[in-house]
Amino acid sequence: MTEKLFRDVEYNYQRINEQIAEAAEKSGRRREDITFLAATKTVAPEVINHAISLGLDHIGENRVQELLSKYDAYDLSRCSLQFIGHLQTNKVRQIVDKVDLIQSVDSFKLAKEISARSLAHGKVCDILVEVNIGREENKSGVFEENLEELLCQIAQLEGISVKGLMTIPPVCENKHKNLKYFYNMHKLFIDISEKKLDNVSMTILSMGMSSDFYEAILEGANMVRIGSALFGARNYT
């Protein structure tokens, strides 16, 4: 079973990279301009490490407890570990010294806690600010009209550095509907970039997952978060 899973991951990894390269070229960029981050929720460490052996160099966990349980088993000698899920302020202390970037910062309260915990560890934590581009009530993220104000507040904090934006758009049966959200997100990304805010470097636009990463790249994403397309359907049992 493990050997078959490894072969499936090898095939999927090559296919995804080919798709990323094609979308990058269509959007006027190179394959190297796009970061392929594997979303590793429920995936066993040996499978993650096999993907890393193929060249995967970014992984992201959604849950603090799962990250902690797998942390010692990751091969992080050649891979960046990031946190990509909703993060509660009382869990920040558990991961801030273990991850290279936190993608899902959606409030000043959370940013303030990350700042305090980072300073305690003598580090600067890179973050992305999460935008609720679809204005969905059941999703986290700041609304776009409040984004600049939040960025300016976060930028004043020590021990923290804003590296860009991330989003999870609404689920759309028609992929072309997603293009609107991706387009609006990229426009927001460019608008913020042009403001040249202190301590805010718009270098990462993280959007697009297994079902829509191709479209996200076409609309300007330079980081995509891919789970099931690489590892297969998740097993939650």
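First, a word on scope: everything that follows refers to the structure included in this document.

The rules we used
- Residues numbered from 1 in each chain as written.
- Predicted model: local features only at pLDDT ≥ 70, side-chain atom pairs only at ≥ 80, totals over all residues.
- Heavy atoms only, no water.
- 1 Å grid on protein atoms, 1.4 Å probe; cavity = no way out; pocket = protein on both sides within 12 Å on 5 of 7 lines; lining within 4 Å.
- Points joined across faces, edges and corners; volume = space filled by probe spheres on them.
- Helix = DSSP H or I, 4+ residues; strand = E, 2+ residues; numbered from the N terminus.
- Nonpolar A, V, L, I, M, F, W, Y, C, P; charged D, E, K, R; others polar.
- Salt bridge = Lys/Arg side-chain N within 4 Å of Asp/Glu carboxyl O.
- Buried < 20%, exposed > 50% of the residue type's maximum accessible area, 1.4 Å probe, protein only.

1. Some points on the layout of surface pockets
As a volume, the largest pocket reaches approximately 590 Å³. Forming the walls of the largest pocket are 28 residues, and the residues nearest its centre are Asn62, Lys139, Ile168, Met209 and Arg225. Those elements that provide at least two residues to the lining of the largest pocket are helix H7 (175-195) and strand E8 (223-226). Counted by class, the lining of the largest pocket contains 10 nonpolar, 10 polar and 8 charged residues. The calculated volume of the second largest pocket comes to roughly 200 Å³. The residue inventory of the lining of the second largest pocket, partitioned by class, reads 6 nonpolar, 4 polar and 2 charged.

2. Observations concerning the pattern of salt bridges
Between side chains of opposite charge, a pair can form as their charged atoms come close. Taken as a whole and judged by the stated rule, the model has 13 salt bridges. Note that arginine 30 and aspartate 33 form a salt bridge whose closest N and O atoms lie 3.2 Å from each other. For lysine 70, the salt bridge is made with glutamate 66, and the minimal N-O distance between the two is 2.8 Å. One end of the pair, lysine 70, and the other, glutamate 66, are both in helix H3 (residues 64-70), 4 residues apart, so they sit about a helical turn from each other. Taken individually, lysine 70 and glutamate 66 each receive the classification buried, so the pair is uniform in this respect. A network of salt bridges, in which partner residues are shared, links Arg30, Glu32 and Asp33.

3. Points about unusual backbone geometry
Residue threonine 42 is not a glycine yet carries a positive backbone phi of 70°. Turning to its location among the elements, threonine 42 is positioned in the loop between strand E1 (35-39) and helix H2 (45-54). With a relative accessible area of 30%, threonine 42 lands in the partly exposed category. With a phi angle near 50°, lysine 196 is a residue other than glycine that sits in the positive phi range. Following the sequence through the fold, lysine 196 ends up in the loop between H7 and strand E7 (200-206). Look at lysine 196 and you get exposed, because its relative accessible area is 68%.

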